[in-house]
Amino acid sequence: ILQNLVYPYSKYTMVNKIILNKSFEVSLIMLMTATLVTALRGLDNITDIHKLKLQLSTAVTFIASCHYYLMITAPTKIVTYRYLDWFFTTPLLLIDLCLTTGITNKYTIMQLVGYNIIMLIAGFLGEVGILNKPLACVLGFIPLILIFRDINRLMIHNNENIKLLRVFIGVWSM
């Protein structure tokens, strides 16, 4: 099972390894820039809720930056680093989405984060071969559907929130 944690990096051609590493390097630079921008913007004189949302964004991009650095320096452990990244960043993104759409009940937010953790565990178990991939996919999509069902049910319904939820559904379903 642990051998499945190692990304089949050695099977790539030299050109593919270069492309993979360069894409990680570009992503790292973009994430570091976003971290700096959101951190500096959070120092402005803005409302507490906007400050919190910028702090969440700064934390997400900083954590992702760290994991991209790890993926560059140890490309055989991409699966492990990717799931570690998601374990920390996706709950923060969900909290940000809840705050943006008007969901502030702590119990509800924690329930959504719990669904998210179940989704990640199912995906990870499929990646490492403990579960077969189709089963892991189904088990991962069930909590994803519950997340967006609950957000859609509880959010303040206006055009902006509906568009935002659609974007999140599209991106997170990939």
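Described in the following lines is the structure provided in the data block. Nothing here was measured: the structure is a model prediction, and the numbers come from that model. (Residues numbered from 1 in each chain as written. Predicted model: local features only at pLDDT ≥ 70, side-chain atom pairs only at ≥ 80, totals over all residues. Heavy atoms only, no water.)

1. Focus: the overall build of the chain
Item 1. Of regular secondary structure, the chain possesses 6 helices and 0 strands.
Item 2. Shown N-terminal to C-terminal, the secondary structure of the chain runs as helices and strands in the order α-α-α-α-α-α.
Item 3. Here the chain, with 174 residues, has 39% of them falling under the buried criterion.
Item 4. Residue pairs in contact within the chain that sit at least 24 positions apart in sequence constitute 67% of those at least 6 positions apart.
Item 5. Accessible surface for the chain amounts to roughly 10,500 Å². Of this, 70% is attributable to carbon and sulfur atoms.
Item 6. The average position of the 14 basic charges and that of the 8 acidic charges among the side chains of the chain differ by 7 Å. (Helix = DSSP H or I, 4+ residues; strand = E, 2+ residues; numbered from the N terminus. Buried < 20%, exposed > 50% of the residue type's maximum accessible area, 1.4 Å probe, protein only. Contact = heavy atoms within 4.5 Å. Areas by Shrake-Rupley, 256 points an atom, 1.4 Å probe, with all protein chains shown as cover. Lys, Arg positive; Asp, Glu negative; His and termini not counted. Charge placed at Lys NZ, Arg CZ, Asp CG, Glu CD.)

2. What about the packing of helix α2 (residues 48-73) against helix α3 (residues 78-101)?
Packed helix pairs are specified by the crossing angle of their axes together with the interaxial distance, meaning the distance between the axes.
Item 1. Direction vectors running N to C along α2 and α3 enclose 170°, while the axes themselves pass 9 Å from each other. Classed by the angle they form, the pair α2 and α3 counts as roughly antiparallel.
Item 2. Here the contact of α2 with α3 is built from residues that sort into 18 nonpolar, 4 polar and 4 charged. (Axes fitted to C-alpha atoms, helices over the stretch in contact; angles between N-to-C directions. Parallel < 35°, antiparallel > 145°, perpendicular 65-115°, else oblique. Nonpolar A, V, L, I, M, F, W, Y, C, P; charged D, E, K, R; others polar.)

3. Brief notes about the nonpolar core
Item 1. With 17 residues, the main nonpolar core has Ile103, Leu112, Ile147, Phe148, Ile151 and Trp172 as its most contacted residues.
Item 2. Those elements that place two or more of their residues in this core are α3, α4 (106-127), α5 (133-154) and α6 (159-172).
Item 3. Of all the elements, α4 adds the most residues to this core, at 5 residues.
Item 4. Look past the residues within four positions of Leu112 in its chain and what remains in contact with it is Leu94, Cys98, Ile147, Asp150 and Ile151. (Core = buried A, V, L, I, M, F, W, Y, C linked by side-chain atoms within 4.5 Å.)

4. What about the side chain of Thr89?
Item 1. Considering the arrangement of structural elements, one finds Thr89 in helix α3.
Item 2. What Thr89 contacts, discounting residues up to four positions off in sequence, is Val60, Ile63 and Ala64.

5. Describing α6
Item 1. The end-to-end C-alpha distance of α6, which contains 14 residues, comes to 20 Å, matching closely the 20 Å that a straight helix rising 1.5 Å per residue would cover.
Item 2. Tucked inside the fold, the buried residues of α6 contact α3, α4 and α5.
Item 3. Between a side-chain oxygen at the N-terminus of α6 and the backbone nitrogen of Glu160 the separation is 3.2 Å; the capping residue is Asn158. (Expected span 1.5 Å × (residues − 1). Polar contact = N/O pair within 3.5 Å; in protein donor to acceptor, adjacent residues only side chain to side chain.)

Interpretation note: all reported values are geometric properties and have no functional meaning in isolation.
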